[in-house]
Amino acid sequence: MEPTVYRIALAGLGNVGGSLLSILHQESESLQTRYGVKFKLTGVAELGGGAINDEGLDLGLLLNTLSAKSKVSTLPDIGRPGMQASELLALAKPDFLLEATPVNLKDAEPSLSNIRAALNASVHVVLANKGPAAVAFNELAEISDMGKGWGKNFGDLAEAIHTEIRPKLRFSACVAGSLPAINLGWRDLAGCQITRLEAVFNGTTQYIIRAMEDGQSYDSALADAQRRGIAETDPSLDVDGWDAAAKLVIAANSVLGQSTQLSDVDRQGIRDLTLKDLQEASNNGLRMVPVATAVLVDGAYQLSVRPTPLPLDHPLSRLTPDEMGVVYYSRDVDRLSAASSEPGPEPAAAAMLRDMLDIIRSQSIH
Ligand SMILES: NC(=O)C1=CN([C@@H]2O[C@H](COP(=O)(O)OP(=O)(O)OC[C@H]3O[C@@H](n4cnc5c(N)ncnc54)[C@H](OP(=O)(O)O)[C@@H]3O)[C@@H](O)[C@H]2O)C=CC1
Ligand SMILES: N[C@@H](CC=O)C(=O)O
């Protein structure tokens, strides 16, 4: 049987975007045989340019161009110097817009405008960039399938399914890459009252703290994380706790059903953490972990991000330097946890593919 062809456009060709191209290239056959789908990449955008081909861009050529540290906009015929990501919709005419540009937690631009335009044009959106979901979750939910059937509006799910087919918005890669933090909370704990969420949502700070424990300096551990491609384009977002706070905000809005913004998170980074702090925790039989927490108090979730000493048998204390993890506590399922090993950006790219397939599967239900 012929595969169903989906046109896709990708903004951002860095660590995550490049890894996604690589996965789509390697898995092209298997996506056709296992899922009956073929993704045709009709446009890509990087800073200051892009490439367009209505017949589908050659993924091998794009990957070679990126490996050679060249700009795809310089490629003959298909290259579009000066093109903006905002032009992808009109030029690539995608069914899916994939977003892997750097985070802007102030106003999420220019990504937010591009995503809004895509959803308003009934184009499905898959995010790795957490800015738009952290800054404007409610607005994006209203113009996508997230507006009903998620969080507190769960009662409207039947109406959503029967009366509307909205463009879909998926963002599981935004909340700790391949860690199924969102899916676990929303899908696998559906119907449960979540009383507490604890997570290591930031791989860079987890890596730095574990490396410091092993005697490495803070600066050298951060440089390692940057080399591995897991740190943010601006790494102060990691070490000052903004990245984990943004992920917590997305989880609070989507899974916990609490309308939340970044200023609601009590946030402390790891810049001031010393070896002495780590040793003190260890002397008390504890381990310092960069924890994001949401705890239900008097009907509302209190949110915080801070390095926290945890008992050694806590699921988050047992994570390796490359792992992130999430633990949900609920009145019904006592404790549910997951961990993912993410030594580089590839698992986040795999999470974007997971979201694309999830959209296709859920469409076939409607
Ligand atoms: N790295 C990781 O492990 C993970 C990252 N994420 C998120 O994914 C996103 C991308 O991260 P990562 O790949 O590491 O970042 P990089 O800095 O490696 O790549 C960013 C890419 O976006 C391009 N870009 C920058 N500004 C624009 C713009 N205005 N329009 C179009 N393209 C633009 C850059 O182009 P140029 O190279 O020309 O500057 C580059 O190709 C971030 O939002 C991050 O938070 C999510 C999960 C994990
Ligand atoms: N910088 C982040 C990666 C993307 O979310 C991290 O260190 O976890």
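Residues numbered from 1 in each chain as written. Chains lettered and ligands numbered in written order. Predicted model: local features only at pLDDT ≥ 70, side-chain atom pairs only at ≥ 80, totals over all residues. Heavy atoms only, no water.

Going by an unreviewed UniProt entry, the protein carries the name Homoserine dehydrogenase and comes from Leucothrix arctica. Per UniProt, the protein carries the Sequence similarities (unreviewed entry) text "Belongs to the homoserine dehydrogenase family." (UniProt positions renumbered as here; feature names shortened; annotations may be inferred.)

Enquirer: Would you mind showing me how to read the UniProt feature "active site" (unreviewed entry) in the protein here?
Expert: With numbering aligned to this structure, UniProt lists the feature "active site" (unreviewed entry) at Lys247. By the secondary structure assignment, Lys247 is in helix H13 (residues 242-254). For Lys247, a relative accessible area of 7% gives the class buried. Leave out the neighbours within four places in its chain, and Lys247 touches Lys130, Cys174, Val175, Ala176, Phe201 and Asn202. Of note is the side chain of Lys247, whose polar atom sits 2.5 Å from the side chain of Asp243. (Helix = DSSP H or I, 4+ residues; strand = E, 2+ residues; numbered from the N terminus. Buried < 20%, exposed > 50% of the residue type's maximum accessible area, 1.4 Å probe, protein only. Contact = heavy atoms within 4.5 Å. Polar contact = N/O pair within 3.5 Å; in protein donor to acceptor, adjacent residues only side chain to side chain.)

Enquirer: What exactly am I supposed to notice about the domain arrangement of the protein here?
Expert: Interfaces are often sized by the accessible area lost when the parts come together. Domain boundaries assigned for the protein yield domain 1 (4-178 + 346-364) and domain 2 (194-341). Relative to domain 2, the C-alpha centre of domain 1 lies at a distance of 27 Å. At the boundary of domain 1 with domain 2, total buried surface from both sides reaches about 1,600 Å², with 68% on carbon and sulfur atoms. Taken together, the links from domain 1 to domain 2 amount to 2 salt bridges. Residue Lys130 is joined to Glu232 by a salt bridge in which the shortest nitrogen-to-oxygen separation is 3.3 Å. Our enumeration of links across domain 1 and domain 2 arrives at 3 residue pairs in polar contact (both at pLDDT 80 or more). Listing elements by their share of the side of domain 1 that touches domain 2, those giving two or more residues are helix H6 (131-135) and helix H7 (137-142). (Domains from an automatic or database assignment. Buried area = accessible area lost by both parts, 1.4 Å probe. Salt bridge = Lys/Arg side-chain N within 4 Å of Asp/Glu carboxyl O.)

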